[in-house]
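# Chain and residue survey
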Amino acid sequence: GVANAGSAKEREIVAAENARDESPLTRDAPTTVATSVRMPSLAPIQPWLGTSAVVAGNLRLDLAGRGTLANLPLSGTIGGDALRVDAPSWGVHLTGGRLIGRVVDGMLRLDELSLQAGDGRFVASGVVGRVQRPDGAQESATRLSWQAQRFRLFNRPDLRLVLDGTGTLAVVDGKLRLAGSVNVLSGHIEYASTPDGRLADDVVVAGWPERPPSTREAGLGDTPLALDLDIDLGKDLSFSGEGLETE
């Protein structure tokens with residue numbers, strides 16, 4: 001019994017010495033990670049998107065990384081099917097979505113993002129992420145190429161647009177830059193001015209209850225957006241408002 005007690009005591013002493021020799025985790029500590037995520041529903045991310053749009057579909061993600069705590073580049077694959085986006089306030093209903101991408105050293109290389117609306121289709125591909133400049137600062141490397149064919153962008157009674165187009169979407173100096181050419185195949189736009197006796201949506205009166213977000217407020221809001229688009233209005237676009245009717 002004494003021998004056994006002595007052996008246990010010796011093991012305790014060795015363990016304590018080993019614990020003192022172990023150094024704490026540092027930024028340069030070797031690190032290896034691997035993760036696999038399967039989301040049969042996108043409901044868990046809905047709270048991050050707010051209430052102006054509803055998303056659905058399934059998502060899969062496989063990532064691995066090897067490096068240090070300070071520098072751990074991730075690589076892997078990302079995919080999604082049956083993707084759907086509904087934003088009723090804008091008349092946006094996108095279905096049949098598909099996502100195919102690769103994560104390479106922390107950058108998302110988008111091989112395909114496709115969505116259907118009406119009898120048309122929207123497809124995008126490119127790169128999403130940030131890169132480090134020689135001076136150590138981070139800058140955006142996000143740049144996507146897109147193409148639309150008979151794509152029903154909006155489908156409300158007062159706002160309908162079906163279009164073709166090609167172009168790019170990039171993030172430059174903190175701004176979204178949308179460039180390209182668009183041909184309006186068909187559409188209808190109704191403009192409603194503010195009725196007499198009602199304040200415009202952007203007027204706030206101290207002490208009055210807060211109004212629900214308007215259709216305009218449900219859009220891009222204060223997101224910096226720079227547009228460089230050539231738009232051909234075509235021959236099947238009508239406009240009405242302020243007593244004006246055009247086709």
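Structure's up top.
### Concerning the overall build of the protein chain
- Counting secondary structure elements, the protein chain contains two helices and 14 strands.
- Looking at the protein chain as a whole, 24% of its 247 residues are labelled buried.
- Residue pairs in contact within the protein chain that sit at least 24 positions apart in sequence constitute 46% of those at least 6 positions apart.
- On the protein chain, roughly 16,800 Å² of surface is accessible, and the fraction owed to carbon and sulfur atoms is 55%.

### Describing the nonpolar core
- Ranked by size, the top nonpolar core spans 17 residues in total, and within it Val92, Leu94, Phe151, Phe154 and Leu161 carry the most contacts.
- For this core, the elements supplying multiple residues, two or more each, are strand 4 (92–104), strand 5 (107–117), strand 9 (143–156), strand 10 (159–172) and strand 11 (175–191).
- For this core, the element with the highest residue contribution is strand 9, accounting for four residues.
- Sequence-distant contacts of Leu94, defined by excluding residues within four places in its chain, comprise Leu83, Arg84, Val85, Leu115, Gln116, Ala117 and Phe151.
- Core analysis: the second largest hydrophobic core is formed by eight residues, Val55, Leu99, Leu110 and Leu144 among them.

### So, the environment of Ser140
- Among the secondary structure elements, Ser140 is positioned in strand 8 (residues 138–140).
- Taking the C-alpha atoms as reference, Ser140 lies 8.1 Å from Val128; in sequence the two are twelve residues apart.
- Beyond its immediate sequence surroundings of up to four residues, Ser140 is in contact with Gly129, Arg130 and Val171.
- One polar contact links the side chain of Ser140 to the main-chain carbonyl oxygen of Val171, over a distance of 3.5 Å.

### Looking at the pattern of salt bridges
- According to the stated counting rule, one finds eight salt bridges in the structure shown.
- A salt bridge links Asp62 to Arg38; the nearest nitrogen and oxygen atoms lie 3.1 Å apart. With Asp62 in strand 2 (residues 54–68) and Arg38 in strand 1 (residues 30–39), the pair connects residues that are 24 residues apart, well separated along the chain.
- Residue Arg84 pairs with Asp86 through a salt bridge whose shortest N-O separation is 2.6 Å.

### Here we look at the packing of aromatic side chains
- Scanning all chains against the criterion turns up three aromatic pairs.
- Arranged with centres 6.3 Å apart and planes meeting at 20°, the rings of Phe122 and Trp146 form a pair that is stacked. Linking Phe122 in strand 6 (residues 120–128) with Trp146 in strand 9, this pair joins segments that are 24 residues apart in sequence.
- Residue classification places Trp146 among the buried positions, given a relative accessible area of 11%.
- The interplanar angle of 45° and the centroid separation of 5.7 Å between the aromatic rings of Phe122 and Phe151 together place this pair among those described as tilted. Of this pair, Phe122 sits in strand 6 while Phe151 sits in strand 9, placing them 29 residues apart in sequence.
- The exposure class of Phe122 is partly exposed, given its relative accessible area of 21%.
- Looking at Phe151, the relative accessible area reads 5%, which means it is buried.
- An aromatic cluster is defined as three or more aromatic residues linked by ring pairs; in this entry it consists of Phe122, Trp146 and Phe151.

### Observations regarding the pairing of strand 13 (residues 237–241)
- Counting buried residues in strand 13 gives four out of five residues, a clear majority hidden from the surface.
- Of the pairings in the sheet, the one linking strand 11 to strand 13 comprises five bridges and is parallel in character. Its bridge partner being in strand 13, His188 is matched across the sheet by Ser238.

### Thoughts on the environment of Arg121
- Here Arg121 lies in strand 6.
- Separated by 43 residues in the primary sequence, Arg121 and Asp164 have C-alpha atoms spaced 9.3 Å apart.
- When sequence neighbours within four positions are dropped, the list of residues in contact with Arg121 reads Glu112, Ser114, Leu115, Gln116, Gln147, Ala148, Gln149, Arg150 and Phe151.
- A polar side-chain atom of Arg121 sits 3.4 Å from a polar atom in the side chain of Glu112.

### Describing the pairing of strand 4
- As paired strands, strand 3 (residues 74–87) and strand 4 are joined by nine bridges and run antiparallel to one another. Bridge assignment links Ile78 to a residue of strand 4, and that residue is Gly101.
- Connecting strand 3 to the antiparallel partner strand 4 that follows it, the hairpin turn spans four residues, and Gly91 within it adopts a positive phi of roughly 70°.
- Sheet analysis places strand 4 next to strand 5, joined by eight bridges and oriented antiparallel. For Gly101, the partnering residue across the bridge sits in strand 5 and is Leu110.
- Remark: two residues form the turn of the hairpin made by strand 4 and strand 5, two consecutive strands paired antiparallel; Asp105 in that turn has positive phi of roughly 50°.

The rules behind each value
Residues numbered from 1 in each chain as written. Predicted model: local features only at pLDDT ≥ 70, side-chain atom pairs only at ≥ 80, totals over all residues. Heavy atoms only, no water. Helix = DSSP H or I, 4+ residues; strand = E, 2+ residues; numbered from the N terminus. Buried < 20%, exposed > 50% of the residue type's maximum accessible area, 1.4 Å probe, protein only. Contact = heavy atoms within 4.5 Å. Areas by Shrake-Rupley, 256 points an atom, 1.4 Å probe, with all protein chains shown as cover. Core = buried A, V, L, I, M, F, W, Y, C linked by side-chain atoms within 4.5 Å. Polar contact = N/O pair within 3.5 Å; in protein donor to acceptor, adjacent residues only side chain to side chain. Salt bridge = Lys/Arg side-chain N within 4 Å of Asp/Glu carboxyl O. Phe/Tyr/Trp six-rings, centres within 6.5 Å; stacked < 30°, edge-to-face > 60°. Pairing = 2+ DSSP bridges.

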